[in-house]
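# Close look at the chain arrangement
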Amino acid sequence: MTEKTKEIINNQINEEFYSAYLYLAFSAKLEKWGFKGAANWMKIQAQEENDHALGFFRFLLERGEEPELRAIAKPEEASLKNMLDMFSAGLAHEKHITACIGKIYELAREEKDYALESFTKWYIDEQVEEEANAIEIIDKLKLIGDNGSAVYMLDQELKARMYVPSGPYATANTAA
Ligand SMILES: [Fe+2]
Ligand SMILES: [Fe+2]
C-alpha cells in the first residue's frame, strides 16, 4: 500500500470518528431540549459512524498496516439552536463525507488498488442512503414548522430507530 493510500484511509478513520462525535453532540443537545426520539436517532447515527471508522481501521489491518488514531476535533456545529439547523448541518456534513469517499475511490483507481476500489463501494452506496435519510427528515421538519403536536409525532417516529451494525464488515463479523 502506498503512503498516499495509507494517509487517505487514516484521514477517513478520523472523519468517520468526527461524524460520530458530531451526531453524539447533537444527541446530547436534543435530549436536553426534551426531544428523546431525535436524540435516539442521532445516538444511533453516531454508533453507525463508529462502525464506519472501524471498517477502515479493519481494512488497514487486513492489508498489513497499522491504523493511526488522530485527535478528533470538537464539533462546533453542536452550538446550533434548533432541530432543523442540526439536521441541515448533518446533511452538509454527509455531503462532505461523500466527497471524501469519492476521493478515496479515485485514488484507488489511479493506483490500480483493486482491493481498495472494491472496499470503497460499500461506502459509496452508504452515502446515498445517509444523504437520503437526512433529506427526508429535513423535508418533514420544514413541513411541520412550529406545529408542536406534529413535532412531537416526528420525535416519536425517530424514537423507533434501532441500532443495526453498519460498515463493510457488519454482516461478516461485527467485531472490529
Ligand atoms: Fe460514515
Ligand atoms: Fe454518515
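In case you missed it, the structure is sitting above this.
The structure contained in this document is the topic of the report that follows. (Residues numbered from 1 in each chain as written. Chains lettered and ligands numbered in written order. Predicted model: local features only at pLDDT ≥ 70, side-chain atom pairs only at ≥ 80, totals over all residues.)

## A few points about the packing of helix H2 (residues 36-62) against helix H5 (residues 148-159)
Between H2 and H5, whose axes approach to 6 Å, the crossing angle comes to 35°. Crossing angle aside, the handedness with which H2 passes H5 is left-handed. Residue-level contacts link Lys-36, Gly-37, Ala-38, Asn-40 and Trp-41 of H2 to Asp-155, Gln-156, Glu-157, Leu-158 and Lys-159 of H5. (Axes fitted to C-alpha atoms, helices over the stretch in contact; angles between N-to-C directions. Helix = DSSP H or I, 4+ residues; strand = E, 2+ residues; numbered from the N terminus. Left-handed = near helix turned anticlockwise from the far one by under 90°. Contact = placed C-beta atoms within 7 Å.)

## Here we look at the environment of Ile-104
Tracing the backbone shows Ile-104 in helix H3 (residues 83-110). Here Ile-104 falls in the buried class, since 22 other C-beta atoms lie within 10 Å of it. In this structure the C-alpha to C-alpha distance between Ile-104 and Asp-139, which are 35 residues apart in sequence, comes to 30 Å. The contact partners of Ile-104, leaving out residues within four places of it in the chain, are Ile-8, Gln-12 and Thr-120. (Buried ≥ 20, exposed ≤ 12 C-beta atoms within 10 Å, placed from the backbone.)

## Re helix H1 (residues 3-32)
Here H1 contains 30 residues, and its C-alpha end-to-end distance of 44 Å stays within 8% of the 44 Å for a straight helix at 1.5 Å per residue. Positive backbone phi, at 95°, marks Gly-34, one or two positions downstream of H1. (Expected span 1.5 Å × (residues − 1).)

As far as function goes, none of this settles anything; it's purely spatial.
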